[in-house]
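Observations on the three-dimensional arrangement
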Amino acid sequence: MLQKLREELVFLESELDLLKNKKSEIEQDISFKEENLENLKSKIEELHKRLDKINARDKAIYVEKVLLGWSNNKISARHYALTRQQISRIVNNVEKRIRM
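Residues numbered from 1 in each chain as written. Predicted model: local features only at pLDDT ≥ 70, side-chain atom pairs only at ≥ 80, totals over all residues. Heavy atoms only, no water.

A word on the overall build of the protein
For the protein, the helix and strand inventory stands at four helices and zero strands. Secondary structure elements of the protein, listed N to C terminal, follow the sequence α-α-α-α. Overall size of the protein, expressed as C-alpha extent along the three principal axes, is 90 × 25 × 15 Å. Relative to its 100 residues, the protein shows a buried fraction of 15%. A separation threshold of at least 6 residues defines the contact pool for the protein, and within that pool the share at least 24 residues apart is 52%. (Helix = DSSP H or I, 4+ residues; strand = E, 2+ residues; numbered from the N terminus. Buried < 20%, exposed > 50% of the residue type's maximum accessible area, 1.4 Å probe, protein only. Contact = heavy atoms within 4.5 Å.)

Here it is in structure tokens:
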């Protein structure tokens, strides 16, 4: 009986130690993820500030081409018959301004 209780005690102590180790690892992961989240939020905020400086038409064309993947013909039809070159130039200019 005493032997069985002793084995159970050792088992529970070792299990508790493992859980404590996992807890510390999880807490480190949480702090790392929180740091990354704050980093991403600041990058997104900076990107929004840069996008606010771009005029509405160019921003709309950029979103339609890059994010929505619209064809040049669809963008051209929506924005007063822009050529493929004009659309490409607008997209490149917006990307340059975003990266600054």
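Next comes the rest of the write-up.
Some words on the environment of Val 91
Looking at the secondary structure, you find Val 91 in helix H4 (residues 84-99). Judged by relative accessible area, Val 91 falls into the buried class, the value being 8%. In sequence terms Val 91 and Leu 19 are 72 residues apart; their C-alpha atoms lie 52 Å from each other. The residues contacting Val 91, other than those within four sequence positions of it, are Tyr 62, Lys 65 and Val 66.

Notes on the packing of aromatic side chains
Considering all chains together, one arrives at zero aromatic pairs under this definition. One Lys or Arg, Lys 74, reaches over the ring of Trp 70 and ends 4.3 Å from the middle of that ring. (Phe/Tyr/Trp six-rings, centres within 6.5 Å; stacked < 30°, edge-to-face > 60°. Lys NZ or Arg CZ within 6 Å of the ring centre and 35° of its normal.)

As for H4
In a regular helix each residue adds 1.5 Å, so 16 residues correspond to 22 Å; H4 covers 23 Å between its end C-alpha atoms and thus fits that length. Within H4 the residues assigned to the buried category are Ile 87, Ile 90, Val 91, Val 94 and Ile 98. Take H4 and look down its axis: the buried residues cluster within an arc of 95 degrees, on one side only. Seen from the open side of H4, the exposed residues pointing more than 90 degrees away from its buried face are Gln 85, Lys 96 and Arg 99. Contacts from the buried residues of H4 go to helix H1 (2-52), helix H2 (56-67) and helix H3 (72-78). (Expected span 1.5 Å × (residues − 1). Arc of directions from axis to C-beta.)

Description of unusual backbone geometry
In the Ramachandran plot, Tyr 80 falls in the positive-phi region, its phi being about 55 degrees despite a non-glycine side chain. Structurally, the position occupied by Tyr 80 is in the loop between H3 and H4. Notably, Ala 81 is not glycine yet its phi reads approximately 55 degrees, a positive angle. Along the polypeptide, Ala 81 turns up in the loop between H3 and H4. The class for Ala 81 is exposed, based on a relative accessible area of 60%.

Interpretation note: all reported values are geometric properties and have no functional meaning in isolation.
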